[in-house]
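Summary of structural features
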Amino acid sequence: MCGVFGIRAPGRDVARLSYFGLYALQHRGQESAGIAVSDDGRLTGLRDLGLVTQVFDEKKLSGLRGELAIGHTRYSTTGSNGWLNAQPLIHHGPVRTVALGHNGNLTNADALRAELGARLTSTSDSEVVAALIACDDRGLEDAAASALERLEGAASVVGLADGQLFAFRDAHGFRPLVLGRLGDDPVVASETCALDLVGAAYERDIEPGELVIADADGVRSVQVLDRADGGALCIFEFFYLARPDTRLDGVEVHGARVRMGERLAEEAPAVADLVLPIPDSGTPAAIGFSRASGIPFSEGLIKNRYVHRTFIHPEQGMREQGIRMKFNPLAEVAGKRLVIVDDSIVRGSTTRQIVQMLFDAGAAEVHVRVSSPPVVSPCYYGIDLASEEEMIAAGNSVEDVRRAIGATSLAYLSLEGLQASTLRPATALCRACLTREYPTRVPDATSKLRFEAVG
Ligand code: SF4
C-alpha cells in the first residue's frame, strides 16, 4: 500500500508536479512522503513522516530542482514506519547512486538481504532493489532488468540513476503502474488519478515484467520477463484500495464498485427501508445496491474525513467511544430497517461497532452486505491485511461472523460476482486472500518488522 510517481520533464518544475502527483496518491499511504530529483545526474531527496502536505512546503519544493523526479507515499508492509524506511530511498553503491520508490512486497527479500548484507541501511525490502542496481557494473538498463529478474513477489518501482528515470513492474503486475504524457514528457504513476491531476494524458498501463527507461534519447521499453499467466493484478485494488476515479487495466474503479453493489443486491436481497454505505469505500457499492433493489440510498452515517493515524489519542474513557471519532449516524435511521454496505470485512471489529451504533440510534434491523467475498488468508504482496488468526472469516462460518458482529443478517458477494464486476478475467487477477491460491511461492511466515533486528 504505497503510491509511486515519476516524471522526466526538462524545463518544468518536476518537484512540484511530483508533489501534486503524490497528493492524488495520498490514499495509498499516509505514513511518510518523499520526493527525489535528478539535476544533471546529481540526486537530491527529501522525505519525512506525515502526509504530503505536512512534509512539503514552498520552501522545500523550491530547493528540489532538476529535470527528473520521483515521489512516494508510504504505508508500511515490510519494515517499521520510521523515518529510515521513508522513500524515495537513496542508496549509494559501488557503481552508482540510486533513488528508488517501491510499491509492493517482495517474497524473496530475506534471501536477497542475506546476499547483500552490510550494504543495506534500512529495514524495508525496497532497499534490496536499489542495492542490486547500484552494485551492477553494466549500464542502467541491463542493471535494472537484471534486478527485476531476481525479484519475487510484488514490485511496482520508480527510480532515478545515471541521469535517467526508470520504472518497472514485476512479472505478475500485482500493483498497478501506468505511463502517461504531459505534452511530450513521460510521467509514470501508480494510478491514473495522478496523471489526471497533473494534466498528463494516459498512454497505457506498464505491462507486468516490463521495464521503461526515459532519458535524453526518449522513452524506451524492454519486456524483461514474460507476463506470468496473463498477470495477477490485485483484486483488492478494485474493491478497496484504488481511488474510484482511477482506471485499472482500462476499467474505471467506481463503475466496477457500482456493479459489485448491483450484483450483491441480486445475490443477497434484503427487505429494508434504507441502504447506507460505510463511507467512503462502501459508497459506490451501496449506490449499486440501492439502484438494483429500488431501496432508497441514504448517507445515514456521517464520516469525519480528517481522522488520521497520527491523531492525538483520546483519554481512556473517551477511547471507548472509539468508532464515534470516525462515524456518527443521522437521526433518520431510527425505527428503520437498514442495509449497510461495506467493501470488505477483515477483523470485524469496526463492523461490529457500527452495527451496535446503528441499533443504539434506534435502527429496527441492520442487514450487513459486503461487496467482496470473505477475506480468509494474508497478503504477501503489499496489502497490510492481518494475520489469519485475526481474520474473522478464517475458520468461521457466515453465521458465526453474523453473530459476532451482531447484525440482523449478513451476506457477502460471491467470488464470481466480484470477478464479473471487474470486467477482467479470473486469469488476470490475484484473488489469493479470498481463495488461498497464491500465484507465487510464499514465505512460511511473514512479519512486516522481520528485518528490524538486522537493521
Ligand atoms: S493476496 Fe489479496 S490483497 Fe494481496 S495481492 Fe492478492 S488479491 Fe491483493
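The following refers to the structure shown.

Quick notes on the rules
Residues numbered from 1 in each chain as written. Predicted model: local features only at pLDDT ≥ 70, side-chain atom pairs only at ≥ 80, totals over all residues. Heavy atoms only, no water. Near = heavy atom within 4 Å. 1 Å grid on protein atoms, 1.4 Å probe; cavity = no way out; pocket = protein on both sides within 12 Å on 5 of 7 lines; lining within 4 Å. Sits in = over half its atoms within 2 Å of the grid points. Pairing = 2+ DSSP bridges. Helix = DSSP H or I, 4+ residues; strand = E, 2+ residues; numbered from the N terminus. Axes fitted to C-alpha atoms, helices over the stretch in contact; angles between N-to-C directions. Contact = heavy atoms within 4.5 Å. Buried < 20%, exposed > 50% of the residue type's maximum accessible area, 1.4 Å probe, protein only. Salt bridge = Lys/Arg side-chain N within 4 Å of Asp/Glu carboxyl O. Disulfide = S-S within 2.5 Å. Points joined across faces, edges and corners; volume = space filled by probe spheres on them. Phe/Tyr/Trp six-rings, centres within 6.5 Å; stacked < 30°, edge-to-face > 60°.

1. Brief notes about the site of the ligand
The environment of the ligand is formed by Arg175, Cys234, Ile235, Phe236, Cys379, Tyr381, Ile383, Cys430, Arg431, Ala432 and Cys433. Judged by the proximity of its atoms to the pocket grid, the ligand belongs to the largest cavity.

2. A short note on the sheet that holds strand β6 (residues 97–103)
Across the sheet, which stays open at both edges, the 6 strands sit in the order β5-β6-β7-β8-β12-β13 with antiparallel pairing between neighbours. Only two strands of the sheet have a single neighbouring strand rather than two, namely β5 (89–92) and β13 (218–223). In this sheet, neighbouring strand axes are inclined to one another by 20° on average, regardless of whether the strands run parallel or antiparallel. The pairing of strand β7 (residues 156–161) with strand β8 (residues 164–169) spans 6 bridges and is antiparallel. Pairing of alanine 161 across the sheet is with glutamine 164, part of β8.

3. Quick word on the sheet that holds strand β20 (residues 337–342)
Spatially, β17-β20-β21-β22 is the arrangement adopted by the 4 strands of the open sheet, whose pairing is parallel. One side of each edge strand has no neighbouring strand; the edge strands of this open sheet are β17 (274–277) and β22 (409–412). This sheet shows a mean twist of 20° between the axes of neighbouring strands, independent of strand direction. By the bridge criterion, 4 bridges tie β17 to β20 in an arrangement that is parallel. Across the sheet, leucine 274 pairs through a bridge with leucine 338, a residue of β20. Lying on the sheet, helix α10 (residues 283–293) is in contact with β17, β20 and β21 (365–370); it crosses β17 at an angle near 165°.

4. Some thoughts on the side chain of arginine 96
Relative to the helices and strands, arginine 96 resides in the loop between β5 and β6. Looking at arginine 96, the relative accessible area reads 7%, which means it is buried.

5. Some words on the pattern of salt bridges
The full count for this structure, using the stated rule, is 26 salt bridges. Arginine 28 is the partner of glutamate 191 in a salt bridge, and the nearest nitrogen-oxygen pair spans 2.6 Å. With glutamate 191 in the loop between β10 (185–189) and α7 (192–198) and arginine 28 in the loop between α1 (14–24) and β2 (32–39), this residue pair connects regions lying 163 residues apart in the sequence. A single burial state applies to glutamate 191 and to arginine 28, both of which are buried. Classification of arginine 28 as buried rests on a relative accessible area of 0%.

6. Overview of the state of the cysteines
Counting across every chain of the model gives 0 disulfides. Here cysteine 193 stays unpaired: no disulfide links it, and the sulfur of cysteine 2, its closest cysteine neighbor, is 15 Å away.

7. Considerations on empty space enclosed by the protein
Think of a ball as big as a water molecule: rolled over the atoms, this probe shows where empty space is left. Taken as a whole and assessed by the stated rule, the structure comprises 4 cavities of 30 Å³ or more. Taken as a whole, the largest cavity spans an internal volume of roughly 100 Å³. Contributing to the lining of the largest cavity are 15 residues, with Cys234, Cys379, Tyr381, Cys430 and Cys433 lying nearest its centre. Looking at the lining of the largest cavity, the elements that each hand over two or more residues are α8 (235–241) and α15 (432–435).

8. A look at the pairing of β6
With 6 of 7 residues buried, β6 lies mostly within the body of the structure. Alignment of β5 against β6, held across 4 bridges, turns out to be antiparallel. By the bridge assignment, leucine 89 is partnered in β6 with leucine 100. Hairpin remark: β5 followed by β6, antiparallel, with 4 residues in the connecting loop. Where β6 lies against β7, 5 bridges are found, and the strand directions are antiparallel. Counted as the bridge partner of glycine 101 is valine 158 from β7.

9. Digging into the packing of aromatic side chains
Per the stated rule, a full pass over the model turns up 8 aromatic pairs. Ring plane angle 85° and centroid distance 6.3 Å describe the contact between tyrosine 19 and phenylalanine 56, whose orientation is recorded as edge-to-face. One end of the pair, tyrosine 19, is in helix α1; the other, phenylalanine 56, is in the loop between α2 (52–55) and α3 (58–62), and 37 residues separate them in sequence. Residue tyrosine 19 is classed as buried on the basis of its relative accessible area of 14%. Arranged with centres 4.5 Å apart and planes meeting at 50°, the rings of phenylalanine 236 and phenylalanine 239 form a pair that is tilted. Of this pair, phenylalanine 236 and phenylalanine 239 both sit in helix α8, 3 residues apart, which is roughly one turn of the helix.

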